[in-house]
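Okay, here's what each chain looks like letter by letter:
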Amino acid sequence: MQSLSRQAVEQLHVIERARLATVRSSADNGVILMVWGLVFLLDMAAFDLSRVTGSPLAAVVFICAFNSAVVVWRWWYARRLPIRLRRVVTNRVIFLWSWFYVALVGLGVGGWAIVIGHFPPLWFTLLGLIGASPLVLSGVRLWRQARIETTPAGYPGARE
Amino acid sequence: MTRPPHTDAPGTSAPTPAAHPRFQLNEAIHQPVRLSILSSLAHAEKVDFGFLRDYLGLKDSNLSQHLTALEALGYITIDKLFEKKRARTWLAITPAGRAAFEEYLAVLRQIVEQPEQPPGD
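Only a predicted model underlies this, so the values are computations on that prediction, with no experimental measurement involved.

Q: When you look at the overall build of chain A in this model, what are you seeing that I'm missing?
A: Scanning chain A from terminus to terminus reveals 5 helices and 1 strand. Secondary structure elements in chain A, listed N-terminal to C-terminal, are α-α-α-β-α-α. Relative to the globule expectation of 15 Å for 160 residues, the C-alpha radius of gyration of chain A, 21 Å, shows a markedly less compact shape. Structurally, chain A occupies a C-alpha span of about 75 × 35 × 25 Å along its principal axes. Across the 160 residues that make up chain A, the buried fraction comes to 37%. Relative to all contacts within chain A whose residues are 6 or more apart in sequence, the contacts with residues 24 or more apart total 77%. As displayed, chain A offers around 9400 Å² of accessible surface, 69% of which is attributable to carbon and sulfur atoms. Side chains of chain A carry 16 positive and 7 negative charges; the gap between the two charge centres is 5 Å.

Take a look at the structure:
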């Protein structure tokens, strides 16, 4: 016969597994942040590619079309998820990242153009990597958190 | 909302509520399926019926029975909506349900942290 405390630990596992399953099927599963980060990286890489043509127009057209498609995808993806969370961490991360984005583009493009005057090769891709990394890392962290079960206290192997 | 009493009273003498944390466990959510339902709902604003059915590996009718029981206790709400001509059932936990779940969780943790006593004590 199982001891009472072991039964209680197993019930805590049931609760933890349910929480993880909920997070995996919610907007906080990390997918949106990873996609958002990659979109930003591609946007910036498009500017580097458009320099070949001598005009940023191609990149601007690409960014408008691509980002609109991603916004539609995000809306569709969030709608089809079976879990609606009370507090969505993803939205908060994107909000905080938007300040970083403004500062990065302001200094890296506007400030650089005023002070230096010309952009080195792959400059925008570098900005894209710097800008995308917080989003991608946050997304990967959320994705991993939704898949790793925490051992309840008191259970063999638990981190006290 | 009163908590359903625990019926698992061992021995001949009636234990006092303070005797062991297990007597504070809420019988209504002690059942694994109901505990999983409330655990999922506790972390969400609302949850789709189909998700719970697939996650718990239950048939619609079986899950509906558990949901009806929890709704009757005032622990959850069930909303049936039409989204693009498709019926969708959303489940949400009520404040009473959340309180019951958190109390249950606290008792479980108390049991885990409390050292096991030998039988007969």
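Q: Which parts of the structure should I look at to understand the side chain of Asn29(A)?
A: Residues and elements named next belong to chain A. Following the sequence through the fold, Asn-29 ends up in the loop between helix 1 (4-24) and helix 2 (31-50). There is a polar contact of 3.2 Å between the side chain of Asn-29 and the backbone oxygen of Arg-24. Within the local environment of Asn-29, its side chain forms a polar contact with the side chain of Tyr-77, the two groups lying 2.9 Å apart. Excluding anything up to four places from it in sequence, Asn-29 contacts Val-23, Arg-24, Tyr-77, Leu-142, Trp-143 and Arg-147.

Q: Could you clarify how one ought to interpret unusual backbone geometry in this entry?
A: Outside of glycine, negative phi angles account for most residues, and trans bonds account for most peptide bonds. Residue and element names in this part refer to chain A. The phi angle at Leu-122 is positive, at roughly 60 degrees, despite the residue not being glycine. Mapped onto the fold, Leu-122 is located in the loop between helix 4 (89-115) and helix 5 (123-145). Classification of Leu-122 by relative accessible area gives exposed; the value is 59%.

Q: Got a minute to help me understand the side chain of Ser25(A) in this structure?
A: Turning to its location among the elements, Ser25(A) is positioned in the loop between helix 1 and helix 2. We classify Ser25(A) as buried; its relative accessible area is 17%. Not counting residues up to four positions away in its chain, the partners in contact with Ser25(A) are Leu81(A), Pro82(A), Ile83(A) and Phe51(B).

Q: I would appreciate a short explanation of the environment of Thr68(B) in the present structure.
A: Residue and element names in this part refer to chain B. Inspection of the secondary structure assignment puts Thr-68 in helix 3 (residues 60-72). Its relative accessible area of 46% is what places Thr-68 among the partly exposed residues. For the pair Thr-68 and Gly-97, spaced 29 residues apart in the sequence, the C-alpha separation amounts to 13 Å.

Q: For this particular structure, what's the right way to read the interface of chain A and chain B?
A: How large an interface is tends to be reported as the accessible area lost when its parts come together. With 25 residues of chain A in contact, the opposing surface of chain B contributes 29 residues. At the boundary of chain A with chain B, total buried surface from both sides reaches about 2300 Å², with 65% on carbon and sulfur atoms. The interface formed by chain A and chain B includes 0 salt bridges. One can count 8 residue pairs in polar contact (both at pLDDT 80 or more) joining chain A with chain B. Where the side of chain A that touches chain B is concerned, the elements lending two or more residues are helix 1, helix 3 (57-80) and strand 1 (83-84) of chain A. Broken down by element, the side of chain A that touches chain B gets its largest block of residues, 13 residues, from helix 1 of chain A. In terms of residue class, the side of chain A that touches chain B is built from 13 nonpolar, 6 polar and 6 charged.

Q: Would you take a moment to explain the nonpolar core for this structure?
A: Side chains that are nonpolar tend, in soluble globular proteins, to be buried together. In this structure, Ile37(B), Leu38(B) and Tyr75(B) are the most contacted members of the largest nonpolar core, which totals 38 residues. Secondary structure elements with two or more residues in this core: helix 1 of chain A together with helix 1 (32-42), helix 2 (49-56), helix 3, strand 3 (86-93) and helix 4 (95-113) of chain B. Looking at this core element by element, the count peaks at 8 residues for helix 4 of chain B. By size, the runner-up hydrophobic cluster in this structure holds 20 residues, among which are Val39(A), Phe40(A), Met44(A) and Trp123(A).

Q: Would you mind going over the pattern of salt bridges with me for this structure?
A: Residue and element names in this part refer to chain A. By the definition in use, this model includes 5 salt bridges over all chains. Two residues, Arg-19 and Glu-16, come together in a salt bridge whose shortest N-O distance is 3.1 Å. Note that Arg-19 and Glu-16 are positioned in helix 1 at a spacing of 3 residues, about one turn of the helix. Taking relative accessible area as the criterion, Arg-19 reaches 25% and is therefore assigned partly exposed.

Criteria and cut-off values
- Residues numbered from 1 in each chain as written.
- Chains lettered and ligands numbered in written order.
- Predicted model: local features only at pLDDT ≥ 70, side-chain atom pairs only at ≥ 80, totals over all residues.
- Heavy atoms only, no water.
- Helix = DSSP H or I, 4+ residues; strand = E, 2+ residues; numbered from the N terminus.
- Rg over C-alpha atoms; globule rule 2.2 N^0.38 Å.
- Buried < 20%, exposed > 50% of the residue type's maximum accessible area, 1.4 Å probe, protein only.
- Contact = heavy atoms within 4.5 Å.
- Areas by Shrake-Rupley, 256 points an atom, 1.4 Å probe, with all protein chains shown as cover.
- Lys, Arg positive; Asp, Glu negative; His and termini not counted.
- Charge placed at Lys NZ, Arg CZ, Asp CG, Glu CD.
- Polar contact = N/O pair within 3.5 Å; in protein donor to acceptor, adjacent residues only side chain to side chain.
- Buried area = accessible area lost by both parts, 1.4 Å probe.
- Salt bridge = Lys/Arg side-chain N within 4 Å of Asp/Glu carboxyl O.
- Nonpolar A, V, L, I, M, F, W, Y, C, P; charged D, E, K, R; others polar.
- Core = buried A, V, L, I, M, F, W, Y, C linked by side-chain atoms within 4.5 Å.

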